[in-house]
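Chains, contacts and geometry: an overview
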Amino acid sequence: MRNVVLGLGISLDGYIARADGAVDFLFMPKDYSMAPFFATIDTYIMGRKTLDAALQMSGGSYKWDMPTYVFSRTLPPGKRDGLEFVNRSPASLVAKLRRRPGKDIWMMGGGELAREFLRADLIDELHLGIVPTRLGEGIPLFPAGFPQRNFQTGGEPHVFKRFGRPEVPGGIEQQSRNQTCGAGWQPAADPEGTPATRHLRR
């Protein structure tokens, strides 16, 4: 089955942006390469605000090299400019994509869309680039009120695997409405003391 991977950067205290939406505290270590990660995916999913930020950072244009789905409540659905805009439930889009053969799917954010996917229990892996900065306040990736989710440590450093997801008749859309899955986060030490990527998997 194709996995949905939520990959983004967060502060030490779990914020994905400052209260005003700024992400100036995020940075990529010079010796870190995303090439191995890109080799495992062939589809992007993002929210409209994330698209706006990507276009702003690229000077207003960007060549999308993979099928890209953009969730928006304000823009009309349809294909244009190399993108497919959607206004549907995350569960229905994920079910559609998983019926097709392919690699994993990168859920790029932003925060609002990531929380919708997490609430619906659609995320199979979390790749969190943890920046050694404590903001104190901001926009959290995991706000209060989330259903509990179970993760366990894997065989690699900083790997957590998802477990305890109930088998629910009716497939993924029915499962997305089931909020009884138990869980917790099991922290792993970072021996390097540098920005670390946490891989959280099923």
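Note that the structure is predicted; figures quoted are calculated from it, not measured. (Residues numbered from 1 in each chain as written. Predicted model: local features only at pLDDT ≥ 70, side-chain atom pairs only at ≥ 80, totals over all residues. Heavy atoms only, no water.)

1. As for helix H4 (residues 111–119)
To be explicit about the condition: Only protein chains enter the calculation, and the probe is 1.4 Å; a residue is then buried if its accessible area is under 20% of its type maximum, exposed if over 50%, and partly exposed in between. Strands are runs of DSSP state E lasting at least two residues, helices are runs of H or I lasting at least four, and both sets are numbered from the N terminus onward.
Buried residues of H4: Gly111, Leu113, Ala114, Arg115, Phe117 and Leu118, and no others. Just past H4, the residue Asp121 takes up positive phi, approximately 60 degrees.

2. What to know about the packing of aromatic side chains
Definition in use: Between rings of Phe, Tyr and Trp, where Trp is taken as its six-membered ring, a pair exists when centres lie within 6.5 Å; planes separated by under 30 degrees are stacked, by over 60 edge-to-face, and by other angles tilted.
Going through the model one piece at a time under the given rule, you end up with five aromatic pairs. A centroid spacing of 5.7 Å and a plane angle of 70 degrees characterise the contact between Phe38 and Trp106, whose relative ring orientation is edge-to-face. Highlighted residues: Phe38 in helix H1 (residues 35–38) and Trp106 in strand E7 (residues 104–107), separated in sequence by 68 residues. Owing to a relative accessible area of 33%, Phe38 belongs among the partly exposed residues under this scheme. Trp106 sits in the buried class, given a relative accessible area of 11%. Plain terms: the ring middles of Tyr44 and Trp106 are 5.9 Å apart, the flat faces sit at 65 degrees to each other, and that makes the pair edge-to-face. Here the residue Tyr44 occupies a position in strand E3 (residues 41–47), and Trp106 occupies one in strand E7, the gap between them amounting to 62 residues.

3. Comments concerning the environment of Leu113
Under the convention used in this document: Every residue pair with non-hydrogen atoms within 4.5 Å of one another is taken to be in contact.
Topologically, Leu113 is positioned in helix H4. Taking the C-alpha atoms as reference, Leu113 lies 9.7 Å from Thr50; in sequence the two are 63 residues apart. When near neighbours in sequence (up to four residues on either side) are disregarded, Leu113 contacts Ile45, Met46, Gly47, Phe71 and Met107.

4. Details of the nonpolar core
Threshold: Nonpolar cores are built from buried Ala, Val, Leu, Ile, Met, Phe, Trp, Tyr and Cys residues. Side-chain atoms within 4.5 Å join them into one set.
Within the largest apolar cluster, 27 residues are counted, with the highest numbers of intra-cluster contacts made by Leu6, Ile45, Met107, Phe117, Ile123 and Leu141. Counting only elements with at least two residues in this core, the list comes to strand E1 (4–11), strand E4 (68–71), helix H3 (90–98), E7, H4 and strand E8 (125–131). Of all hydrophobic cores here, the second largest spans twelve residues; its members include Val5, Ile41, Met46 and Leu83.

5. Description of the side chain of Arg98
Where we set the bar: Residues adjacent in sequence count toward polar contacts only when both atoms are side-chain atoms; beyond that, a polar contact is any pair of N or O atoms within 3.5 Å, and within protein one must be able to donate a hydrogen and the other to accept it.
Locating Arg98 in the fold gives a position in helix H3. Overall, Arg98 belongs to the buried group, its relative accessible area being 16%. Here the side chain of Arg98 touches Arg2 through a polar contact of 2.9 Å, landing on its backbone oxygen.

6. Concerning the environment of Leu141
Within the secondary structure, Leu141 is located in the loop between strand E9 (139–140) and strand E10 (151–153). Overall, the relative accessible area of 0% leaves Leu141 in the buried class. When the C-alpha positions of Leu141 and Arg115 are compared, they lie 7.1 Å apart, and in sequence the two are 26 residues distant.

7. Remarks on the pairing of strand E6 (residues 83–86)
Which entries qualify depends on this criterion: Two strands are counted as paired when DSSP detects at least two bridges linking them.
Neither face of E6 is left uncovered, since the one carrying Leu83 and Phe85 and the one carrying Glu84 and Val86 both have all their residues buried. By the bridge criterion, three bridges tie E4 to E6 in an arrangement that is parallel. Counterpart to Phe71 in the pairing with E6 is Val86. Here three bridges tie strand E5 (residues 78–80) to E6, and the two strands are oriented antiparallel to one another. Its bridge partner being in E6, Gly78 is matched across the sheet by Phe85. A loop of two residues connects E5 with E6, the two strands running antiparallel in sequence, and Asp81 in this loop sits at a positive phi of about 55 degrees.

8. Some words on the confidence of the model for the protein chain
When pLDDT is low, close inspection of the predicted coordinates is not appropriate. As a reminder, the rule being used: Confidence scores labelled pLDDT are given residue by residue by the predictor and lie between 0 and 100.
A residue-level look at the protein chain finds 71% of positions with pLDDT of 70 or above and a mean pLDDT of 77. With pLDDT under 50 throughout, residues 168–197 is counted as low confidence; its partners more than four residues away or in other chains account for 74 contacts.

9. Thoughts on unusual backbone geometry
Between Gly109 and Gly110 the backbone carries a cis peptide bond, its omega angle lying at 5 degrees. Within the secondary structure layout, Gly110 lies in the loop between E7 and H4. Even without being a glycine, Asp81 presents a positive backbone phi close to 55 degrees. Residue placement: Asp81 occurs in the loop between E5 and E6. One non-glycine residue, Asp121, lies in the positive phi region at around 60 degrees. Along the chain, Asp121 falls in the loop between H4 and E8.

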